[in-house]
Amino acid sequence: MNVKLALALIVALQVSTCLCDIPEPDKELVAKYEAYKATFYKRILTAYKKLQAAVLPVSEGLEQSPAVKEYVEGLKTDPTFQSVIKVVSGLAGELTPLVEKARAGALGVYGEYLRPHVGESIDQAIQNIKPVLDIVLPVDE
């Protein structure tokens, strides 16, 4: 009985250590991901600028506009709000390495196990949607 239990424990530990080995992502995959991420952020910034340009003229004509501006200016000088901003900034700085490690792990797993099966169709889908995105949300250089 003890031999069976010891053997089961050894097999379970072997499986758990095999699951802990996360493959490193390919350099080409990381470069492609970084390029897509940069393009995505540029598209989001373009959308924000378009939204701001559309909302700003409308908001100038509202009667609540001065009250909103005064409230925002008050928030900028509020010590509680400043403390919250500092805490959130500190947390973002602390979590950045953890997020990068998780991202690298996810890219490694994708590159090792999923990319051979679905990588071509995902790449084709991205290439097909790029012309539409270039019209709707162009990337400002």
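For the structure itself, consult the block above.
What this report covers is the structure whose coordinates are included nearby. Model, not experiment: these values are computed from the prediction. (Residues numbered from 1 in each chain as written. Predicted model: local features only at pLDDT ≥ 70, side-chain atom pairs only at ≥ 80, totals over all residues. Heavy atoms only, no water.)

1. Considerations on helix α4 (residues 79-136)
Given 3.6 residues per turn, any residue in an α-helix points the same way as the ones three and four places further on. The end-to-end C-alpha distance of α4, which contains 58 residues, comes to just 40 Å, noticeably less than the 86 Å that a straight helix rising 1.5 Å per residue would cover. Considering bend angle alone, the principal kink of α4 is centred on Arg115 and spans about 90°; proline Pro116 follows within four residues of it. Taken residue by residue, α4 has Gly105, Leu107, Gly108, Tyr110 and Gly119 as its buried positions. Looking at the buried positions of α4, the neighbouring elements they touch are α2 (27-60). (Helix = DSSP H or I, 4+ residues; strand = E, 2+ residues; numbered from the N terminus. Expected span 1.5 Å × (residues − 1). Bend = angle between axes of the 7 residues up to and from the residue. Buried < 20%, exposed > 50% of the residue type's maximum accessible area, 1.4 Å probe, protein only. Contact = heavy atoms within 4.5 Å.)

2. Things to note about the packing of aromatic side chains
Enumeration according to the criterion identifies one aromatic pair in this entry. Residues Phe40 and Tyr41 carry aromatic rings whose centres are separated by 6.0 Å and whose planes lie at 50° to one another, so their mutual orientation is tilted. Classification of Tyr41 by relative accessible area gives exposed; the value is 51%. (Phe/Tyr/Trp six-rings, centres within 6.5 Å; stacked < 30°, edge-to-face > 60°.)

3. Looking at the packing of helix α3 (residues 65-77) against α4
Closest axis-to-axis distance for the α3/α4 pair is 5 Å, and the angle between their directions is 65°. Regarding the angle of α3 to α4, the classification is roughly perpendicular. Contacts from Leu75, Lys76 and Thr77 of α3 reach α4 at Pro79, Phe81 and Gln82. (Axes fitted to C-alpha atoms, helices over the stretch in contact; angles between N-to-C directions. Parallel < 35°, antiparallel > 145°, perpendicular 65-115°, else oblique.)

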